[in-house]
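# Coordinate inspection notes
The chain contents come next:
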Amino acid sequence: MRVAVRPPALRHWFSHSIPLAIFALLLLYLSVRSLGARSGCGSRAQPCVPGGTAPFQVRQESGTLEAPERKRPPCLGPRGMLGRMMRRFHASLKPEGDVGLSPYLAGWRALVEFLTPLGSVFAFATREAFTKVTDLEARVHGPDAEHYWSLAAMARRAGLLEQPGAAPRDLTRSSGSRTLLLLHRALRWSQLCLHRVATGALGGPDAGVQCSDAYRAALGPHHPWLVRQTARLAFLAFPGRRRLLELACPGATEAEARAALVRAAGTLEDVYNRTQSLLAERGLLQLA
C-alpha cells in the first residue's frame, strides 16, 4: 500500500490544528443550541430533537481497559492537565448518587484547558465555551445557591420553572438546566473521542475519522444539516494519532499516553452516565 507523505508545511499546519478542530465543534454545538433557545427552537411547534428518542447511557467501554503498571506519567500528576481534569470530575460524583455542580464545572474548566494547548490563539472559542460554565457558576454562587449545589437540586428547580420541549419565555428566569444539558452532550463527545484516540490501532482509521464518528453518535442528532456538514469538514484538520497522543500527554511514551487517555475517558464516562441517569429520571433530556 502506498502511503502519501505530507509536505513539511502541511504537517506543521496539521500539528497546530487540533484545538481549532475540537473547539470549532464545541463552539458550533453550544452556540447553535443557544440560538435555538432564543428563537423558539425546542417549542412544540418547532422541536429541536425528534420526539420519542429513548434515553441512553454510555456502554462501559473505557472502564474495562486497565492502564499498565508503570510509573505515572506527568500528565496524570498534580500539575498535569489530564490529572487535574480527572480529579475535579471525580470529585463531582457524590456517594449518594448525585453530581456536585461546583466540582463538575471545575472539571469542565480543566477539560477546556486540556483541549486548548495553544492558549490565546483560540481565546474567542474558549470564551464561548466558558460562557456556559460561567453562567452556571453564577447560579452556584448566586442568591439562589441553595438550588444549585447539586444536579438533583437543580433538577427540582427546573421542574418548577420549565417544561420539557418548550423554550423559556424569559431566559433570566430559567433554571439553567438547558445550559447543563448542552455541556452534558458535549462531554459525551469528548469522552468518546478521547477513548477512540487512545485505543485505535495505528494502522486502522485515523483519529479524525474516529472522532467524527463520535460526533455523529453524540452531537449530530441534535444538529441541523448545515452544522453537521461544517463539523465534517472540521474533522479533516485533525492531526495524526501520534501527534494527538503527544499533545495529550507530553513527555510520555505512546503506551503511557494511551493508558492516560483511557483513564481520563473512563472518568468522563462515569460522570456522563451519572448525569444521564439523573436527567432521564427527571424528564430533562428533552429540554433542548
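Above this text you will find the structure in question.
So, here is what we can say about the structure in this document. (Residues numbered from 1 in each chain as written. Predicted model: local features only at pLDDT ≥ 70, side-chain atom pairs only at ≥ 80, totals over all residues. Heavy atoms only, no water.)

### With respect to a positive patch on the surface
Among the surface-exposed residues, Arg 72, Arg 87, Arg 88 and Arg 263 lie close enough to one another that they form a single positively charged patch. If you trace the backbone, Arg 87 turns up in helix H3 (residues 81-91). Judged by relative accessible area, which is 41%, Arg 87 ranks as partly exposed. (Patch = residues over 30% accessible without salt bridge, like charges linked within 9 Å, V, L, I, M, F, W, Y side chains within 5 Å. Areas by Shrake-Rupley, 256 points an atom, 1.4 Å probe, with all protein chains shown as cover. Salt bridge = Lys/Arg side-chain N within 4 Å of Asp/Glu carboxyl O. Lys, Arg positive; Asp, Glu negative; His and termini not counted. Charge placed at Lys NZ, Arg CZ, Asp CG, Glu CD. Helix = DSSP H or I, 4+ residues; strand = E, 2+ residues; numbered from the N terminus. Buried < 20%, exposed > 50% of the residue type's maximum accessible area, 1.4 Å probe, protein only.)

### Structural notes on the state of the cysteines
Under the criterion given, the structure shown has two disulfides. Between the sulfur atoms of Cys 75 and its disulfide mate Cys 249 the distance is 1.9 Å. For the disulfide bridge between Cys 75 and Cys 249, the dihedral angle about the S-S bond is near -75°, and by the sign convention the bridge is left-handed. Within this pair, whereas Cys 75 is found in the loop between helix H2 (18-39) and H3, its partner Cys 249 is found in the loop between helix H10 (241-248) and helix H11 (254-281), the two being separated by 174 residues in sequence. Shown here is the disulfide that connects Cys 193 with Cys 211, its sulfur atoms set 1.9 Å apart. In this structure the cystine formed by Cys 193 and Cys 211 twists about its S-S bond by roughly 75°; its chirality is therefore right-handed. Placement of Cys 193 in helix H7 (residues 177-199) and of Cys 211 in helix H8 (residues 207-218) is noted, with a sequence separation of 18 residues between them. Of the two residues, Cys 193 and Cys 211, neither departs from the other in class, the shared state being buried. (Disulfide = S-S within 2.5 Å.)

### Regarding H7
Look at H7: 33 Å from first C-alpha to last across 23 residues, which is about the 33 Å you get at 1.5 Å a residue. Along H7, 21 of the 23 residues are buried, which leaves the element largely enclosed by surrounding structure. (Expected span 1.5 Å × (residues − 1).)

### Section: the packing of aromatic side chains
Under the definition given, this model contains one aromatic pair. Their ring planes at 75° and their centres at 5.8 Å tell us that Phe 89 and Tyr 104 sit as a pair that is edge-to-face. Pair noted here: Phe 89 is in helix H3 and Tyr 104 is in helix H4 (residues 101-114), with a separation of 15 residues, a long-range link. Its relative accessible area of 0% is what places Phe 89 among the buried residues. One cation-aromatic arrangement involves Arg 188 over Tyr 272; the distance from NZ or CZ to the ring centre is 5.8 Å. (Phe/Tyr/Trp six-rings, centres within 6.5 Å; stacked < 30°, edge-to-face > 60°. Lys NZ or Arg CZ within 6 Å of the ring centre and 35° of its normal.)

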